[in-house]
Amino acid sequence: MSTSSLNSAAAQAEATVPVGTETPTVTSLGPASAVTSTSVAEQVGDRIWTITSGVSPVQVGAFDPVGKTVDRKFSLPTGAGAWAMTHIGTDLYIGLYTPGDVYRVDTITGAATKVAQFGPFVWSIAATPDGKIVVGTYPDGGVHEYDPATGATKSYGAAIAGEQYVRSIAADATTIYAGVGTKAHLIAIDRATGERRDVLPAKYADRTFVATLALDGTRLAAGLSPTGTMLVFDTTDLSNPVEVQTPGGDQYVTAITLSGDDIYLGTRPSGTLYRYRDNALTRLGSPYDGAYFNRIFVEGSASGTIRAELTSQVVDFDEASGTFTGTDLGQAGLPPAPEQVMALAATPSSVLVSGKAGVQVHDLAAGTSTRTFLPGEAKTMTPVGKSVYLGVYTLARLWQMNPDGTDLHELGQVGNEQTRPTDAAYDDRSQTWLVSTEPDYGKYDGTLVEQHLVSGDREVHRGVVPHQSVRSVTTADGVAFLGGATRNSLGTDPILPEATVVAFDQRRNKVLWETAPLSGAQTYSDLALYRGRLYATTDDGRLAVLDPGTGKLVTSATLGTGQSQLTIARTGLYGTDNKRVFKITPNPTGAPAVSTVVDGLGAQVYSYPLITTSYDGNALYTIKGRDLVRIGGLR
């Protein structure tokens, strides 16, 4: 955990545990993080329609590319966001997640009607030439159909047994094409009989996803992850696709548009726009490093207007000058809204809250907040001296910035098939920033990353927690303590029956001990060293107290029913489970006492509970609803 080395605060917390009743004061600092973030777009007539993600309620907006404004906007009553849009005539169809509702929007009147639901998550959606809607879903990996004329739905079942994701979908008069992961498949389904076959050539079977599909006539283009490869099929003979490999190490093709004889595609992480013409791939440019192309639009002939919708912008590309001109959607009329946050950290001057495509910087002196753009999602933030170090999803990228959000720059990538940083800590003795990670979809074995801040060298230890992803990390005196998670990554089945905790000597690169202290635990959500003991929380609400020298279980307790995160303040060891803040008071003769400090948080966070300690150690910061709150008056 990033707060395990709170400098003087941690040292004083080790010295004494006060006795007494907490009388906390809770102060709201306003929305923790506010964002305009989109993941999908569709052009209907002369408007580009998009929808926000990660905020509640989600907002649908129509962008006028001439006037540069969002001139129509409304909210939907359900859903946390969307990855899927298509249209038939002037009717827009939106596939949501949480839950997987499908809405029809009459773009003439603005009326929005829920017409179907397909489980918890719609990943992809497309229109057929005969006026039906086909849908790809998670976690059933299913393919479904909705008929707007009758309101009837039908299911084709799972695209392929054992896979959870239909990330992309397209259809012609006879066939549905389903792009599958976490083990890549391209499934062609006969719309009349339901018969199916995998048309992805065997040499691409090691890919994780067929993540993007575009179909025009008999040309089908497919983007493969994580190699940034595009395949171009002739649907009259699917056996010999043309391979188009993007250069420079890009791993994702996030958008593909077919326009006449040309194919336009956008890649990540570089954020580059390419054109494929006459069997040649041409780099057109990049609006900014890390740009995420949701959709590319081409108006007119091959030399017409090229436009793209990104995470929070619409950009126009001028091919003559090779430049992009962007319009921020928030400023255009789709304003930021409070989001589910992802990470939390405190510095002497600020509290930092991360979310989609940025970090919200709360200035403690001014009482204001500003947002720093980040091409990704900071899953961990670790203040060290005058810098803050960020572990960023996707691609497990490592970044550095100042506490006020300035001078943001990338240090590098973890590689080793890793994509999601899960936790981080700083080891004073070795001046090393430690990051734990989860592997890419469908992959096994997470890592411990040692980023040596003085030399800039990086060591990546994969599989140091055997057959697991590494969920949590804390450190002291050159020893890293790691909490495992049996689910290696999304789309995998556990290898082990229960998770383990590992002690790892950083200097000798040697595992000192490994233990499974609590029977049946699947994840050790967080770790903290406090008063000579190692505290480990589980995903099912239990607490293990270990001897850090041997890994022996000293005692245990119950915290609640779910995951918890821990932090050390001057007055003791605290934690949160999103419902409440609690204090853990050690007991030399038995299990520690657990007492509630603040209740009724109802924290709406993206994944894991969030709590951190102020730089001086006198207060806690956590999330209540979607607000950042300060808890003072601790005793």
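Residues numbered from 1 in each chain as written. Predicted model: local features only at pLDDT ≥ 70, side-chain atom pairs only at ≥ 80, totals over all residues. Heavy atoms only, no water.

Participant: I keep staring at the sheet that holds strand E57 (residues 620-624) and nothing clicks. Help me out?
Facilitator: Strands belonging to one sheet form pairs held by backbone hydrogen bonds; the direction of such a pair is parallel or antiparallel. Taken in spatial order, the four strands line up as E1-E58-E57-E56 in an open sheet, and their pairing is antiparallel. In this open sheet, the two strands that pair with only one neighbour each are strand E1 (25-31) and strand E56 (611-613). For this sheet, the mean inter-axis angle between neighbouring strands, taken without regard to orientation, is 30°. When E1 meets strand E58 (residues 627-632), the two strands line up antiparallel, connected through five bridges. Each bridged residue has a counterpart across the sheet, and for threonine 27 the counterpart in E58 is arginine 630. (Pairing = 2+ DSSP bridges. Helix = DSSP H or I, 4+ residues; strand = E, 2+ residues; numbered from the N terminus. Axes fitted to C-alpha atoms, helices over the stretch in contact; angles between N-to-C directions.)

Participant: I'm lost on the sheet that holds strand E27 (residues 295-299) in this one. Help?
Facilitator: Strand order in this open sheet of four strands is E27-E28-E29-E30, and the pairing throughout is antiparallel. Looking at which strands have only one partner, the edges of the open sheet turn out to be E27 and strand E30 (323-328). The average angle at which neighbouring strand axes cross in this sheet is 20°, direction not considered. Here five bridges tie E27 to strand E28 (residues 305-309), and the two strands are oriented antiparallel to one another. When the sheet's bridge partners are listed, isoleucine 296 is paired in E28 with alanine 308.

Participant: Please explain the packing of aromatic side chains as it appears in this structure.
Facilitator: One pair of aromatic rings is described through two measures. These are the centre distance and the angle between the planes. Under the defined criterion, the tally for this structure stands at 17 aromatic pairs. Arranged with centres 5.8 Å apart and planes meeting at 85°, the rings of phenylalanine 121 and tyrosine 138 form a pair that is edge-to-face. Residue phenylalanine 121 is found in strand E11 (residues 121-127), and its partner tyrosine 138 is found in strand E12 (residues 133-138); the two are separated by 17 residues along the sequence. When the centroid spacing of 4.9 Å and the interplanar angle of 85° are considered together, the rings of phenylalanine 209 and tyrosine 441 count as edge-to-face. Of the two residues, phenylalanine 209 sits in strand E19 (residues 209-216) while tyrosine 441 sits in the loop between strand E41 (432-439) and strand E42 (447-452), which places them 232 residues apart along the sequence. Comparing phenylalanine 209 with tyrosine 441 shows no difference in burial state: the two are buried. Positioned above the aromatic ring of tyrosine 393, the side-chain terminus of arginine 420 is 4.2 Å from the ring centre. (Phe/Tyr/Trp six-rings, centres within 6.5 Å; stacked < 30°, edge-to-face > 60°. Buried < 20%, exposed > 50% of the residue type's maximum accessible area, 1.4 Å probe, protein only. Lys NZ or Arg CZ within 6 Å of the ring centre and 35° of its normal.)

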